[in-house]
Amino acid sequence: MTAQPSVLCLRFRMAGCDRSPDEASYAGLLALLGAFTPTVEALPPDGALADVRGALRYFGRDATGLAAVIRVRALALYGADCVIGAGPNPLLARMAAREAGPGRTLAVGGTAEFLAGRPVAALHGVGPVTARALCGYGLDTVDRVAAAPLAVLQRILGARTGREVHEKAHGIDRTPVVPNAVARSVGAERAFPRDELDPSRHRRALISLGEELGARMRGEGQVCRSLSLTVRYADRTTTTRSRALSEPTAHSATLTGTAYGLLDTLGLQRARVRGIALRADGLLPAERAAHQLTFDPADEKARRIEAAADRVRARFGPRAVVPGSLAA
């Protein structure tokens, strides 16, 4: 018997424009979800997962009906529209949200029917390297991967990854919704005024995002352990890539360089990009992080300049000092 949808994946967009909510509105939207269920996991800068099993019984509605109530309240209280995916677990809810249109809820009914015929790269957590390895053996769709014996997948991908992909292809996700995760990350987004094809403008957006996140973390005495890049396209689909940092940092140059590397892995060619978001994950106090000493004078000089720029911004405002590439 197919499990009923009990997990919601939500993406918030401000009504009337295609941009993420600001920090205050986003915090309010998370609190709104908290009125329905205590099990809410933030997905900054504009998303959330919510386990609503108890809420379905309390409100006497199915997942689609509860999503409709949430959408009305989000619009009335914060002017935010919702794209909502509903599924029996976070994997299927995320996939449904990726395909739901603006102001719509897509609920997964039959798991096998929902997954059948989809490219293997559509599985959340299956990256391009894993997808290429599977496609090289003709396992290019989710149903073909599901039909393959576990031992075959483990020979291709390794024991652990093979088992994870095998379970994902059958719609199994053992990952719980972790409440109160917002404090572990900080994010920012840049929306383009029109669909942007110019790679140089994509990179300029990353410079701006790296500077903003670095300044915010340094101002709060925090560093991050990993970085996530999300690219939103004209058809409202998104691609996300993450990378662990060699050491926890809030150094803007390191954040920007890592973001460049993540963008390069996407291999965008003439892609119509609507917006780019950057998220710093695994936050911890700066005093608890170790910094590898270096004999490179350029690195130390860059950090001293960065500290001086932070002092100027604190006194005269965030636009008092900007990178030269953003001054034009």
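Summarised in this report is the structure supplied together with it. In this text, all values refer to a predicted model and were calculated from it rather than measured experimentally.

## Considering the state of the cysteines
- Applying the stated criterion across every chain, the model contains 0 disulfides.
- The closest cysteine sulfur to the non-disulfide-bonded C82 is located on C9, 11 Å from its own sulfur.

## Comments concerning the packing of helix α10 (residues 199-219) against helix α11 (residues 252-266)
- At a closest axis distance of 8 Å, the pairing of α10 and α11 adopts a crossing angle of 140°. With respect to each other, α10 and α11 are oriented oblique. The two elements α10 and α11 cross, and the hand of that crossing is right-handed. Only S252, L255, T256, A259, Y260, L263 and D264 of α11 make contact with α10, whose side of the interface consists of H202, R203, L206, I207, G210, E211, L213, G214, A215, M217 and R218.
- For the contact of α10 with α11, the class distribution of residues is 9 nonpolar, 5 polar and 4 charged.

## Topic: the pattern of salt bridges
- Following the criterion strictly, the structure yields 17 salt bridges and no others.
- Residue D46 is joined to R11 by a salt bridge in which the shortest nitrogen-to-oxygen separation is 3.4 Å. Here the residue D46 occupies a position in the loop between β2 (40-43) and β3 (47-51), and R11 occupies one in strand β1 (residues 7-14), the gap between them amounting to 35 residues.
- On the basis of relative accessibility, which here comes to 9%, the residue D46 falls in the buried class.

## Overview of the layout of surface pockets
- Taken as a whole, the second largest pocket encloses approximately 450 Å³ of empty space.
- Elements supplying a minimum of two residues to the lining of the second largest pocket: α1 (23-34), β6 (185-196) and α10.
- Of the residues in the lining of the second largest pocket, the class split is 11 nonpolar, 4 polar and 8 charged.

Calculation rules
What you see as residue numbers is a count from 1 along each chain, following the sequence as written. The model is predicted, so local features are restricted to residues of pLDDT at least 70 and side-chain atom pairs to those at 80 or more, both for listing and for counting; the totals for chains, interfaces and linings are taken over all residues. Water and hydrogen atoms play no part in the side-chain values, which are based on all heavy atoms of the structure. Cysteine sulfurs are considered disulfide-paired once they come within 2.5 Å of each other. Angles run from 0 to 180 degrees between N-to-C directions of axes, and those axes are lines fitted to C-alpha atoms, restricted for helices to the stretch in contact. Counting from the N terminus, the helices are the DSSP runs of H or I reaching at least four residues and the strands are the DSSP runs of E reaching at least two. Angle categories: roughly parallel below 35 degrees, roughly antiparallel above 145, roughly perpendicular from 65 to 115, and oblique for all the rest. Should the near helix be turned anticlockwise from the far one by less than a right angle, the crossing is termed left-handed; should it be turned clockwise, right-handed. For this analysis, residues touch if any pair of their heavy atoms sits within 4.5 Å. Residue type decides the class: Asp, Glu, Lys and Arg count as charged, Ala, Val, Leu, Ile, Met, Phe, Trp, Tyr, Cys and Pro as nonpolar, and the leftover types, Gly among them, as polar. We count a salt bridge whenever a side-chain nitrogen from Lys or Arg sits within 4 Å of a carboxyl oxygen from Asp or Glu. Using a 1.4 Å probe on the protein chains alone, a residue whose accessible area is under 20% of its type maximum counts as buried, one over 50% counts as exposed, and one in between counts as partly exposed. Here a cavity denotes a set of grid points, spaced 1 Å apart and computed over the protein atoms alone, in which a 1.4 Å probe fits but from which it cannot get out, and a pocket denotes an open set meeting protein on both sides within 12 Å along at least five of seven lines; residues with an atom within 4 Å of a point are reported as lining. Grid points are joined across faces, edges and corners, and a volume is the space filled by probe spheres set on the points.

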